[in-house]
Amino acid sequence: MSKKHGKLYYDLLDDNLSKSAIVFFTLLLSNSNQKGYAFGSNKYYADKLKCSTRTITSLIRTLIDKEYITVEHPKSFRRKIRSFRSSSRSRSRRSSSSR
């Protein structure tokens, strides 16, 4: 595991995310390795994680709210899910906590 991803995984634990959200996020990271973004449908991810598409929608909302991912074209078949890197998240947290 790289140092960059190691820090990110500790952030996931610090944010009290559910195990499902952590597993889903690591699946998104894995799927984004080739193109820099993940593009699977909610059904694809639901089949992979053996859950409902509604659960995937909820997990996506949680990860967006906690600033782990952004979604471009959310209602389109061209949807792109991008993850933030740990360094940018750490910087934004430090600046918001110092206010």
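Along every chain, residues carry numbers that run from 1 in the direction the sequence is written. For a predicted model such as this one, the threshold for reporting local features is a pLDDT of at least 70, and the threshold for listing and counting side-chain atom pairs is 80 or more; totals across whole chains, interfaces and linings nevertheless cover every residue. Where side-chain values are given, they derive from all heavy atoms of the structure, hydrogens and water being excluded.

Engineer: Help me out: how do you make sense of the nonpolar core in this one?
Structural biologist: One recurring pattern in soluble globular proteins: nonpolar side chains tend to sit buried together. What we call a nonpolar core is a set of buried Ala, Val, Leu, Ile, Met, Phe, Trp, Tyr and Cys residues that are connected through their side-chain atoms within 4.5 Å. For the exposure calls, accessible area comes from a 1.4 Å probe over protein chains only, and a residue counts as buried if that area is under 20% of its type's maximum, exposed if over 50%, partly exposed in between. Within the largest apolar cluster, 19 residues are counted, with the highest numbers of intra-cluster contacts made by F24, L28, L63 and I69. Of all the elements in the fold, those that place two or more residues in this core are α2 (19–31), α3 (42–49) and α4 (53–65). Of the residues forming this core, the biggest block, seven residues, is contributed by α2. Contacts are residue-level and defined by heavy atoms, with any inter-residue pair within 4.5 Å sufficient. Every residue in contact with L28, bar those within four places of it in the chain, is listed here: A38, Y45, L63, I69 and I81. For the purposes of this entry, the term helix denotes a DSSP run of H or I that reaches at least four residues, the term strand denotes a run of E that reaches at least two, and both are numbered from the N terminus.

Engineer: Would you mind showing me how to read the pattern of salt bridges here?
Structural biologist: Between side chains of opposite charge, a pair can form when the charged atoms approach closely. By definition here, a salt bridge exists when the distance from a side-chain nitrogen of Lys or Arg to a carboxyl oxygen of Asp or Glu is within 4 Å. Evaluated as defined, the whole model comprises three salt bridges. D65 is paired through a salt bridge with R61; the nearest N and O atoms lie 3.4 Å apart. Of this pair, D65 and R61 both sit in helix α4, four residues apart, roughly one helical turn. Given a relative accessible area of 46%, R61 falls into the partly exposed group. With a shortest N-O distance of 2.6 Å, R82 and E72 are connected by a salt bridge. Here E72 lies in strand β1 (residues 69–72) and R82 lies in strand β2 (residues 80–83), a separation of ten residues in the sequence.

Engineer: I tried to follow the packing of α2 against α3 on my own but got confused; where do I start?
Structural biologist: A packed helix pair is summarised by two numbers, namely the angle formed by the two axes and the spacing between the axes. One way to put it is that α2 packs onto α3 with a least axis distance of 11 Å and a crossing angle of 120°. In terms of orientation, α2 and α3 fall into the oblique class. The handedness of the crossing between α2 and α3 is right-handed. Contact residues: V23, F24, L27, L28 and N31 in α2; Y44, Y45, K48 and L49 in α3. In this analysis an axis means a line fitted to C-alpha atoms, helices contributing only their contacting stretch, and an angle means the value between N-to-C directions, from 0 to 180 degrees. Convention used here: angles under 35 degrees read as roughly parallel, angles over 145 as roughly antiparallel, angles from 65 to 115 as roughly perpendicular, and any remaining angle as oblique. By definition, turning the near helix anticlockwise from the far helix through less than a right angle yields a left-handed crossing, and turning it clockwise yields a right-handed one.

Engineer: Can you walk me through the side chain of S32 in this structure?
Structural biologist: Relative to the elements of secondary structure, S32 occurs in the loop between α2 and α3. Apart from the residues within four sequence positions on either side, S32 is in contact with Y37 and A38.

Purely geometric stuff here, so don't read any function into it on its own.
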